[in-house]
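Structural overview
Here is what each chain is made of, one letter per residue.
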Amino acid sequence: MTDPNFDDRKQRAAAWFRELRDQIVAAFEAVEDSHTTGPMSDRAPGRFEVTDTKRHAPDGSDAGGGLMSVMRGGRVFEKIGVNVSAVYGQLGDQAQRSLTARKEIPGLEDDPRFWASGISLVAHMQNPHAPAVHLNTRMFWTPGAWWFGGGTDLNPCIEYPEDTADFHATLKAHCDPHGADLYPRFKDWADEYFYIPHRKRARGVGGIFYDDYCTGDWEADFAFTQDVGKSFLPAFLAQVERRRGMAWTDADKETQLIHRGLYAEYNLVYDRGTKFGLQTGHDPDAVLMSLPPFARWV
């Protein structure tokens, strides 16, 4: 039976993802403004272009949407997308099979309604010494089940061990108040999830990842997901500040472009969010905004 409190909970979750989006967009535009010396500082500071995204059911009726915010060609960020959405409708057979392959969802065949909201971010940097990054947090609801998922991972093409250590330390500090077991468990999950089997390597240096997260206490699980989102800016911006002013060579840029090829392969072949977004009819430009502006394969 559907819990009547979930209408309020859906609104709160969607509002939080939008608030986090606003914080991140403002912080990244401030980074662009403050980059006044070093490589690319002679450019105009980058700004986000914001587009409404719409999703329609097969019969043409409204099925939700969101905002796609993309910055291209900035001083620090070569391309970054920050998307938020709240979508709803009925799950088709393929999407149902995708979900029930991971977990049992009572009554889904008889009542395939769903609601989902989240934030998704991918940043590709101008400077090869500055790492690319991914963030996603989301809530999913069906009449028979609800859960949270998401995480963040760092994707340097030129790794600096101190950056990796600091990124993970910040994530751990935000996870630990919710249970000492969460960071190590979700770190291991990220190492497994963000692995590219056909390349036999990870796409980056990891982070945290979790899915189907439901302890039965919605408030506690929402608070944890909020703290995952709150960890992002301090975890990532520290690495940007260290690396954005470094000089780079043509060889460094080549290394970056080849590494981006790995990122594109992963997102197109393995990423669950990409698959689900395309299966459920979301705006393909919003779903595929994670792809880098340029990449190279050898």
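Structure's up top.
About the cut-offs
- Residues numbered from 1 in each chain as written.
- Predicted model: local features only at pLDDT ≥ 70, side-chain atom pairs only at ≥ 80, totals over all residues.
- Heavy atoms only, no water.
- Buried < 20%, exposed > 50% of the residue type's maximum accessible area, 1.4 Å probe, protein only.
- Helix = DSSP H or I, 4+ residues; strand = E, 2+ residues; numbered from the N terminus.
- Contact = heavy atoms within 4.5 Å.
- Axes fitted to C-alpha atoms, helices over the stretch in contact; angles between N-to-C directions.
- Parallel < 35°, antiparallel > 145°, perpendicular 65-115°, else oblique.
- Nonpolar A, V, L, I, M, F, W, Y, C, P; charged D, E, K, R; others polar.
- Phe/Tyr/Trp six-rings, centres within 6.5 Å; stacked < 30°, edge-to-face > 60°.
- Lys NZ or Arg CZ within 6 Å of the ring centre and 35° of its normal.

As for helix H7 (residues 272–279)
Structural remark: α-helix, 3.6 residues per turn; residues separated by three or four positions point the same way. Looking only at H7, the buried set comprises Thr274, Phe276 and Gly277. Residues of H7 that are buried make contact with helix H2 (93–100), strand S4 (113–125), strand S5 (132–142), helix H6 (250–269) and helix H8 (284–287).

Section: the packing of helix H3 (residues 161–175) against helix H4 (residues 182–193)
Taken N-terminus to C-terminus, the directions of H3 and H4 make an angle of 130°; their axes are 9 Å apart at the nearest point. Between H3 and H4, the angle falls in the class oblique. Contacts between H3 and H4 pair His168, Leu171, Lys172 and Cys175 from the former with Leu182, Tyr183 and Lys187 from the latter. For the contact of H3 with H4, the per-class residue count stands at four nonpolar, one polar and two charged.

A closer look at the packing of aromatic side chains
Tallying each qualifying case throughout the model produces 25 aromatic pairs. Ring centres of Phe6 and Trp146 lie 5.9 Å apart, and the angle between their planes is 45°; this geometry places the pair in the tilted category. Of this pair, Phe6 sits in helix H1 (residues 6–34) while Trp146 is found in strand S6 (residues 145–155), placing the two residues 140 residues apart along the sequence. For Phe6, a relative accessible area of 5% puts it in the buried group. Exposure remark for Trp146: the relative accessible area of 13% places this residue in the buried category. Ring geometry for Tyr193 and Phe209: centres 3.9 Å apart, planes at 5°, overall stacked. Linking Tyr193 in helix H4 with Phe209 in strand S9 (residues 207–213), this pair joins segments that are 16 residues apart in sequence. In this structure, Tyr193 and Phe209 share a single accessibility class: buried. Grouping aromatic residues by their ring pairs yields a cluster made of Phe186, Trp189, Tyr193, Phe194, Phe209, Tyr210, Tyr213, Phe224, Tyr266 and Tyr270. For Lys10, the ring lying beneath its charged end belongs to Trp141, and the centroid distance is 3.6 Å.

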